[in-house]
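# Structure at a glance
Below are the chains, spelled out letter by letter.
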Amino acid sequence: MKYNVGDLVVRRWKGKIQWEMVGFITSIISHDWGREWDSHTIQWSNPRHNIGGQGWRLGEFELIGDADKKCPTK
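The notes below deal with the structure included here. The shown structure was predicted, so the numbers you read here are calculated from the model rather than taken from an experiment. (Residues numbered from 1 in each chain as written. Predicted model: local features only at pLDDT ≥ 70, side-chain atom pairs only at ≥ 80, totals over all residues. Heavy atoms only, no water.)

Here we take up the overall build of the chain. Scanning the chain for helices and strands turns up 1 helix and 4 strands. Ordering the α and β elements of the chain from the N terminus gives β-β-β-β-α. Carbon and sulfur atoms make up 54% of the accessible area of the chain, which totals about 5200 Å². (Helix = DSSP H or I, 4+ residues; strand = E, 2+ residues; numbered from the N terminus. Areas by Shrake-Rupley, 256 points an atom, 1.4 Å probe, with all protein chains shown as cover.)

What follows is the structure, given as structure tokens:
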């Protein structure tokens, strides 16, 4: 999947959505080896989660809209 600067995302960890970590992509550094190696800088809404640096890779986060569709209805 191709992400863009400004996309609203949520953290994915070990296959589970971590709703306490919501943020938006502030920059993307493309890598010659392919899209899966691109580094995404994400500004998380909770300052405790902004550990600094770049390096979020595909599979470590997901678009909010896509994650929301996968949630079971109440």
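Turning to the pattern of salt bridges, a few remarks are in order. Per the counting criterion, the structure on display carries 1 salt bridge. Glu62 is paired through a salt bridge with Arg12; the nearest N and O atoms lie 2.3 Å apart. Of this pair, Glu62 sits in strand β4 (residues 61–63) while Arg12 sits in strand β1 (residues 8–13), placing them 50 residues apart in sequence. Given a relative accessible area of 6%, Glu62 falls into the buried group. (Salt bridge = Lys/Arg side-chain N within 4 Å of Asp/Glu carboxyl O. Buried < 20%, exposed > 50% of the residue type's maximum accessible area, 1.4 Å probe, protein only.)

A few words now on the pairing of β1. By the bridge criterion, 6 bridges tie β1 to strand β2 (residues 16–29) in an arrangement that is antiparallel. Bridge assignment links Trp13 to a residue of β2, and that residue is Lys16. Counting the residues in the hairpin turn of β1 and β2 gives 2 residues, including Lys14, whose phi is positive at 50 degrees. Inspection of the sheet shows β1 paired to β4 by 3 bridges, in the antiparallel sense. The partner of Val9 across the bridge, within β4, is Leu63. (Pairing = 2+ DSSP bridges.)

So, on to the sheet that holds β1. Strand pairing in a sheet relies on backbone hydrogen bonds, with the paired strands running either antiparallel or parallel. Taken in spatial order, the 4 strands line up as β3-β2-β1-β4 in an open sheet, and their pairing is antiparallel. Across the chains shown, the open sheet's two edge strands, defined by having one partner strand only, are β3 (39–44) and β4. With direction set aside, neighbouring strand axes in the sheet form an average angle of 50 degrees. (Axes fitted to C-alpha atoms, helices over the stretch in contact; angles between N-to-C directions.)

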